[in-house]
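# Overview (structure and organization)
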Amino acid sequence: MGLFTLLSDTIYSYTGLSPVAFFTILALMVGIYHLVSGMFVSPEAIAAKTSLPPEPELPPGPIQIGEVTLDELRTYDGSDPKKPLLMAIKGNIYDVSRSRMFYGPGGPYALFAGRETSRALALMSFDHNDLTSNLDGLSASELEVLQDWEEKFKEKYVKVGHLVSEGITNSDNNLDDEKAGALQEPGPDTKSTVESLESK
Ligand code: HEM
């Protein structure tokens, strides 16, 4: 009891306030301090406090890759989210990353990512055997369809490189002559060879 009286007297003599009034004002000041200082916390400190997972690292804008082989192109099929999504038409490579919903994994046109798509686009085909630059036997109207696609891609996407000719690619990959021939001329009887080669 003596301690309480001493405390009350001290507070009164210094502030002229009763202990109840003194502690109420003190509590209000602490509350206001926290409120005001909270308004000036840096966004980094807020982000550090929240336990949200970090943003996935997005690939930067289109980057020129120059000459690449078909095999190198295959690595740009969206399986590595840090790499851009690329797609080739008539040997020209376009960065289609901005349309990840079309060409990214699970997208309706994911099969085109990382591939040379000329024949497939000309024929409006989703057949893996048509993922080639080989245009043999196509009609004038099919070639026109391909032309339209090419124009659309030139307008919409950035060209970032081009494929080295398939002949060079084949020798790069040390394929034997028979397989190299099959890649260049996928006739009906060689389609299975091409499929097995291209699905590697
Ligand atoms: C039932 C058949 C199909 C429907 C309903 C359909 C529908 C669509 C739609 C709505 C778009 C988005 C257009 C845009 O916003 O620019 C699109 C884009 C596209 N379609 Fe199809 N499509 C069909 C078949 C095909 C076929 C057979 C192919 C080729 C084999 C194809 C290739 C493409 C490509 C490459 C794009 C993306 C173009 C871009 O990157 O802007 N589609 N399709």
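Parameters and conventions
Residues numbered from 1 in each chain as written. Predicted model: local features only at pLDDT ≥ 70, side-chain atom pairs only at ≥ 80, totals over all residues. Helix = DSSP H or I, 4+ residues; strand = E, 2+ residues; numbered from the N terminus. Buried ≥ 20, exposed ≤ 12 C-beta atoms within 10 Å, placed from the backbone. Contact = placed C-beta atoms within 7 Å. Pairing = 2+ DSSP bridges.

Going by the annotation in an unreviewed UniProt entry, the name recorded for the protein is Membrane steroid-binding protein 2, with Apostasia shenzhenica given as the source organism.

When its secondary structure is counted, the protein shows 10 helices and four strands. Its helices and strands in sequence order give the protein the pattern α-α-α-β-α-β-β-α-α-α-β-α-α-α, from N to C terminus. Across the 200 residues that make up the protein, the buried fraction comes to 22%. For the protein, restricting intrachain contacts to residue pairs at least 6 apart in sequence, the fraction spanning at least 24 positions comes to 56%.

This next bit is on the pairing of strand E4 (residues 158-163). Looking at chain direction, strand E1 (residues 66-68) and E4 are connected through three bridges and run parallel. Bridging across to E4, Glu 67 finds its partner in His 162. Across four bridges, strand E3 (residues 92-95) lies against E4 in antiparallel orientation. Each residue of the ladder has a partner; that of Asp 95, found in E4, is Val 158.

Another point: unusual backbone geometry. Look at Lys 90: it is not a glycine, yet its phi comes out positive at around 50 degrees. One non-glycine residue, Met 124, lies in the positive phi region at around 50 degrees. Locating Met 124 in the fold gives a position in the loop between helix H6 (118-123) and helix H7 (140-156).

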